[in-house]
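Listed below are the residues making up each chain.
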Protein chains: 2
Amino acid sequence: MSEPTPLRLLGPGASAPPERADAARNRDALLGAARALVDERGVGAVTMEAVAARAGVGKGTLFRRFGSREGLMAALLDRSEAQWQADVISGPPPLGPGAPARERLHAFGRSRAATDLAHADLVRAAGATRQRSYAAYAFTAMHVRLLLTELGVTGDVPLLATALLAPLDPFVLDQQVRREGLPLERVLAGWDDLVRRVVEGG
Amino acid sequence: MSEPTPLRLLGPGASAPPERADAARNRDALLGAARALVDERGVGAVTMEAVAARAGVGKGTLFRRFGSREGLMAALLDRSEAQWQADVISGPPPLGPGAPARERLHAFGRSRAATDLAHADLVRAAGATRQRSYAAYAFTAMHVRLLLTELGVTGDVPLLATALLAPLDPFVLDQQVRREGLPLERVLAGWDDLVRRVVEGG
């Protein structure tokens with residue numbers, strides 16, 4: 001989940017003092033301001049103007065850094081996915097290492113569903129394509145395969161992982177939980193039951 | 001899976017004799033010509049010119065009927081999906097009714113996978129969006145839910161159906177079988193094993 005290379009703000013010799021001051025501002029500070037606004041107001045209500053004002057920079061700086069509102073939202077999404085992946089790889093158990101594989105698998109389902117739901121608006125605002133979200137999907141697929149293997153599940157493990165991941169698909173979850181109002185706990189109970197069938201089936 | 005309403009060829013009073021002759025040609029005949037060419041040459045090699053020549057009409061007639069090459073491919077796809085659905089609803093067993101539910105489920109997996117693979121190029125050429133392919137997906141989801149219920153599977157049947165359908169996703173299959181060269185039989189064996197886990201798990 002590499003972030004897009006930040007755009008160069010100004011070529012050598014082209015910089016005027018106010019631009020240089022802007023250029024020195026931290027990309028993370030801009031993303032932090034955007035994140036805070038998204039948390040407060042929701043993705044839909046966050047304009048480039050508001051983010052720029054919150055970060056204390058000009059709107060032009062924000063556009064030069066991220067290209068567009070979509071680009072800014074994509075960068076926020078990348079940062080959040082990277083954080084979640086870090087939690088899976090080296091965060092505390094049971095999502096992170098140290099818990100039994102079965103427990104990690106259930107923790108993964110809960111955490112991934114919550115992350116998908118939290119990201120739904122951001123994904124839309126980032127204009128994420130199937131290709132774009134594939135990187136995030138590939139990480140989850142690899143993680144589930146590893147856990148199934150650790151659990152001694154035999155058979156076509158990649159296919160079983162594909163099946164396990166389907167009910168956690170962001171579009172499926174968003175439809176069920178946010179549009180149809182199905183309680184998330186019910187979806188997760190169904191998912192735990194699916195895990196049981198797949199894992200205990202051999 | 002309703003086909004898009006055919007475009008009116010010519011308004012009253014605007015028709016000249018050669019146009020009227022074109023207008024009288026059967027939509028099915030145009031689609032039949034397109035189908036034959038697709039079967040012979042593959043989707044990528046089929047131009048509107050070639051379809052028009054095969055059907056013995058002018059290119060303009062084809063464009064007026066289907067709007068664009070995408071529109072023609074979408075109409076072919078719709079016709080093929082409708083035929084497949086008819087086979088499921090009222091064709092011979094084990095895909096159609098009359099066989100035990102478990103046998104129908106396995107026949108469904110084989111038939112759906114073959115259909116998805118056969119449709120892959122057509123779907124791309126039709127510019128099918130997620131929304132567009134949703135109608136086809138909804139039919140398969142309903143069918144799998146009904147078979148699972150008939151088999152006495154308890155639990156969250158829609159979620160289990162979602163999991164079962166995931167490995168049959170056209171994009172997943174196309175990637176595995178056509179790009180990575182995994183034998184279809186191996187994918188289907190893995191799918192049958194997944195069915196066993198889900199069905200026999202309670």
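Nothing here was measured: the structure is a model prediction, and the numbers come from that model.

**Q** What is the right way to read the relation of the copies chain A and chain B from this model?
**A** Between the two copies, chain A and chain B, the superposition gives an RMSD of 0.1 Å; the rotation angle is 180° and the shift along the axis is 0.0 Å. Read as a symmetry element, the transformation amounts to a two-fold axis. No C-alpha of chain A lies nearer the rotation axis than that of A163(A), which sits 2.2 Å from it. Both copies present the same face, since 100% of the interface residues in chain A are matched by interface residues at the equivalent positions in chain B.

**Q** Just to check I follow, could you spell out the packing of aromatic side chains for this structure?
**A** Each aromatic ring pair is specified by the distance between its two centres and by the angle formed by the two planes. Residues and elements named next belong to chain A. On inspection of all chains with the given rule, the structure shows six aromatic pairs over all chains. Taking 6.0 Å as the distance between ring centres and 50° as the angle between the ring planes, the aromatic pair formed by W84 and F108 counts as tilted. With W84 in helix α5 (residues 69-90) and F108 in helix α6 (residues 101-125), this pair connects stretches of sequence that are 24 residues apart. Relative to F139, the ring of W84 has its centre 5.9 Å away and its plane inclined at 75°; by these criteria the two rings are edge-to-face. Residue W84 is found in helix α5, and its partner F139 is found in helix α7 (residues 130-150); the two are separated by 55 residues along the sequence. Taken together through their ring pairs, the aromatic side chains of W84, F108, F139 and W191 make up a single cluster. One Lys or Arg, R112, reaches over the ring of W84 and ends 4.5 Å from the middle of that ring.

**Q** What am I meant to see in the packing of helix α10 (residues 184-200) of chain A against helix α10 (residues 184-200) of chain B here?
**A** What describes two packed helices is the angle between their axes and the distance between those same axes. It is the contact of α10(A) with α10(B), at a shortest axis distance of 8 Å, that shows an interaxial angle of 120°. With respect to each other, α10(A) and α10(B) are oriented oblique. Of the two possible hands of crossing, α10(A) and α10(B) adopt the one that is right-handed. For the pair α10(A) and α10(B), the contacting residues are L194(A), R197(A) and V198(A) in the first and L194(B), R197(B) and V198(B) in the second. Class assignment of the residues belonging to the contact of α10(A) with α10(B) gives a composition of four nonpolar, no polar and two charged.

**Q** When you look at helix α9 (residues 170-179) of chain B in this model, what are you seeing that I'm missing?
**A** Along an α-helix, a turn takes 3.6 residues, which lines up residues three or four apart on a common side. All names here are of chain B. All buried positions along α9 are accounted for by L173, D174, Q176 and V177. Looking at the buried residues of α9, the elements they touch are α6 (101-125) and α10. With a side-chain oxygen positioned 2.8 Å from the backbone nitrogen of F171, the residue opening α9 is D169. Just downstream of α9 lies G181, where phi reads positive at about 75°.

**Q** So what exactly am I meant to see when it comes to the UniProt feature "DNA-binding region" (unreviewed entry) in chain A here?
**A** According to UniProt, the "DNA-binding region" (unreviewed entry) feature falls on residues 47-66 of chain A. The distance from the first to the last C-alpha atom of residues 47-66 of chain A is 13 Å, and the span holds 80% helix and 0% strand.

**Q** Can you help me understand the environment of W191(B) in this one?
**A** If you trace the backbone, W191(B) turns up in helix α10. When its relative accessible area of 1% is taken as the criterion, W191(B) is described as buried. For the pair W191(B) and L165(B), spaced 26 residues apart in sequence, the C-alpha to C-alpha distance is 9.3 Å. The residues contacting W191(B), other than those within four sequence positions of it, are L159(A), L105(B), H106(B), F108(B), G109(B), L164(B), P167(B) and L168(B). Within the structure, the side chain of W191(B) is placed 2.7 Å from the backbone oxygen of L164(B), a separation counted as a polar contact.

The rules behind these values
- Residues numbered from 1 in each chain as written.
- Chains lettered and ligands numbered in written order.
- Predicted model: local features only at pLDDT ≥ 70, side-chain atom pairs only at ≥ 80, totals over all residues.
- Heavy atoms only, no water.
- Least-squares fit on C-alpha atoms with pLDDT ≥ 70 in both.
- Contact = heavy atoms within 4.5 Å.
- Phe/Tyr/Trp six-rings, centres within 6.5 Å; stacked < 30°, edge-to-face > 60°.
- Helix = DSSP H or I, 4+ residues; strand = E, 2+ residues; numbered from the N terminus.
- Lys NZ or Arg CZ within 6 Å of the ring centre and 35° of its normal.
- Axes fitted to C-alpha atoms, helices over the stretch in contact; angles between N-to-C directions.
- Parallel < 35°, antiparallel > 145°, perpendicular 65-115°, else oblique.
- Left-handed = near helix turned anticlockwise from the far one by under 90°.
- Nonpolar A, V, L, I, M, F, W, Y, C, P; charged D, E, K, R; others polar.
- Buried < 20%, exposed > 50% of the residue type's maximum accessible area, 1.4 Å probe, protein only.
- Polar contact = N/O pair within 3.5 Å; in protein donor to acceptor, adjacent residues only side chain to side chain.
- UniProt positions renumbered as here; feature names shortened; annotations may be inferred.

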